[in-house]
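Residue strings, one per chain:
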Amino acid sequence: MPAPASHPVVRAMLVLPARVVPVWLRDCLVSLRDADFVSLNIVVADCDLGITEVRPSILDFWMRIEARIFRSKISVPESSLDLVDVSDELASANAAAVDDIALAEIGTALAARQTEMVIWAVPERPPGDAISVPKHGFLTIGDALSGAFGMYEFVTRTPGTRCDIVRLGASRADDRIVASSYATTDDMLLGRGINGLRAKCEALLLSTINRLARGADPKLDGLPEGSAAVEPRKEPGILLSIWGLMRLLGRYVTSVLGERLFVDQWQLAYRIGGDRLDPSGLTRLAPDHRGFWADPFVAERDGRTFIFFEELSPETQRGHIAAIEVDAEGNTGAPVDVLVRDYHLSYPFLFEYEGELYMMPECSEAGRVEVFHCEQFPDQWKPHKVMLDGLCGIDPTLIEFDGLWWLFVNALTDRNASWDELRLYYADSPFGEWTPHPLNPIRLDTRGARPGGAVFRENGKLYRPAQDCSVRYGWALTIHEITRLTAEEFSEVEVRRISADWAAGAQGTHTVNQAYGITVYDCEMRPRIKTLR
């Protein structure tokens, strides 16, 4: 196995507008200070424009209305827009040098500290004579200091909200986007959506710094419409905001009424043969209870073929792994439980190694990625090995390629959603020592980070199914061609989308697999509650 890549450290300066900043900026400060690839200096600039002056009154009005109407649904402990004093963070033992400097003196300070990069978090533009001093330039989160950041997308229900990292030029016309990604546009709560958006921006900033330090392409998930030019972010006016609020109230009423009449239920669909990426002609399989079936995979042993899947119990609201046998004519048997633990299980990824069958289900509730060995097919499985401990790994997916085993897995933290951050690990064997990829996270785009089925080969190419969660969880599938996969590099490009409209009335589809002549999908439906037990 190749030796892990060296870990370069970049000398960076974070320029703050004051010692009282929004929560999201405090979180950025802490993450930069603690990152092992950043040697950080912190400057508190003497600014004419206060950080509180860029927050529009329309946002405050909306947030007050939202807090009053949706109080029971708001569970976020802290708003990313609240102002906090960061004196304690600046004075902590781990903090780097902290100075109070006038903006006009920034250039001199950069040269004295041999700064390679500036993270600019000030409403005013930097002095022109300082722009060319650091090697990697002045980076900022595009429009981050606008209090209405993300509000237009929420009001207009735009699928996905873009985050940009911008390298500042001598003038606004010279500014260029160097990295871009997308966060989910929340369909109900603006405050919750803004928190997620700010966390995505922070992760994108750290990823950009890491990639620049390594000499890698910082783009990560690509640039908007292939352009690096910075366009002004739209903000909703009063009339559009009022219209958006009326539509939001309508969605809320519809949601409350719908919860009394319908249940959101994931179901399976299968077909004998056919093109893996063609969802036509599928036969649906649905539970007769208020739980769901999802995440189908296929395995065959001793001439018997089974669809393995997650079954969510309506009584415990916890998932376990079940299976349904399928014969050569496509007839199905009754579902049987095959793996039940005292923690949630889903996404039963199946693989063979040295003639033995293994299952690597999602065990994120247990805080690890774990593999089970098949003792007797299909319903006797024994714990075999913990692959990654201390990681809330979502939908772990293995592939053997070019002499190594590769593990794709989304990472769930207390700051991000389960579909936000895709990580990659590699090892000599599936049960060897796993090494994190140096460019982790390799994707941050809510439109294609979370795995949506096994990586597959076709015509000599590798393809990775993923979930598009830009509108809601499991909204659609995206298929990505992996164009570069080495111990130091990773790249992929989206080549196809599969929306949920293949199933009449479906709200989402998020898994596709094909093995042993059987194609399987899942889809989210809304059956009436009275038809289920």
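Structure first, text after, so check above.
Residues numbered from 1 in each chain as written. Predicted model: local features only at pLDDT ≥ 70, side-chain atom pairs only at ≥ 80, totals over all residues. Heavy atoms only, no water.

**Quick notes on a nonpolar patch on the surface**
Taken together, the side chains of Ile 238, Leu 239, Ile 242, Trp 243 and Met 246 make up a nonpolar region of the molecular surface, amounting to roughly 600 Å² of accessible area. Among the secondary structure elements, Ile 242 is positioned in helix 7 (residues 238-261). (Patch = residues over 30% accessible without salt bridge, like charges linked within 9 Å, V, L, I, M, F, W, Y side chains within 5 Å. Areas by Shrake-Rupley, 256 points an atom, 1.4 Å probe, with all protein chains shown as cover. Salt bridge = Lys/Arg side-chain N within 4 Å of Asp/Glu carboxyl O. Helix = DSSP H or I, 4+ residues; strand = E, 2+ residues; numbered from the N terminus.)

**Points about helix 4 (residues 106-113)**
Of all the positions in helix 4, only Ile 106, Gly 107, Ala 109 and Leu 110 are classed as buried. One side of helix 4 carries all its buried residues, which in axial view fall inside an arc of 165°. For helix 4, the exposed residues set more than 90 degrees away from the buried face come down to Thr 108, Ala 111 and Ala 112. Where helix 4 is buried, its residues contact strand 1 (10-16), strand 3 (38-46), strand 5 (98-102), strand 6 (117-120) and strand 7 (138-141). Trailing helix 4 by a residue or two, Gln 114 shows a phi angle of about 50°, which is positive. (Buried < 20%, exposed > 50% of the residue type's maximum accessible area, 1.4 Å probe, protein only. Arc of directions from axis to C-beta. Contact = heavy atoms within 4.5 Å.)

**Structural notes on the packing of aromatic side chains**
Summed over all chains, the structure comprises 21 aromatic pairs. On the basis of an interplanar angle of 55° and a centroid distance of 5.8 Å, the ring pair of Phe 308 and Phe 377 is categorised as tilted. You can see Phe 308 sitting in strand 13 (residues 304-312) and its partner Phe 377 sitting in the loop between strand 18 (368-376) and strand 19 (380-389), a full 69 residues away along the chain. A single burial state applies to Phe 308 and to Phe 377, both of which are buried. In textbook terms, an aromatic cluster arises when at least three aromatic residues are bridged by ring pairs, as seen for Phe 297, Tyr 347, Phe 349, Phe 351, Tyr 353, Tyr 358, Trp 405 and Phe 431. (Phe/Tyr/Trp six-rings, centres within 6.5 Å; stacked < 30°, edge-to-face > 60°.)

**Some thoughts on the sheet that holds strand 22 (residues 422-427)**
Within a sheet, adjacent strands bond to each other through the backbone by hydrogen bonds, running parallel or antiparallel. An order of 20-21-22-23 is seen for the four strands of this open sheet, with the pairing classed as antiparallel. Of all the strands in the sheet, the pair left with one neighbour each is strand 20 (393-401) and strand 23 (435-436). (Pairing = 2+ DSSP bridges.)

**Here's the deal with the environment of Val 230**
When you line up the elements, Val 230 lands in the loop between helix 6 (190-213) and helix 7. You can call Val 230 partly exposed: its relative accessible area is 34%. Note: C-alpha distance between Val 230 and Val 20 (210 residues apart in sequence) is 28 Å. Those residues in contact with Val 230 that sit more than four places away from it in its chain are Val 166, Asp 175, Arg 176 and Ile 177.

**Considerations on unusual backbone geometry**
In this structure, Pro 378 follows Phe 377 across a cis peptide bond, with omega equal to 5°. Counting through the fold element by element, Pro 378 comes out in the loop between strand 18 and strand 19. Between Asn 440 and Pro 441 the backbone carries a cis peptide bond, its omega angle lying at -5°. Relative to the elements of secondary structure, Pro 441 occurs in the loop between strand 23 and strand 24 (456-458).

Treat this as a map of the structure, not an account of what it does.
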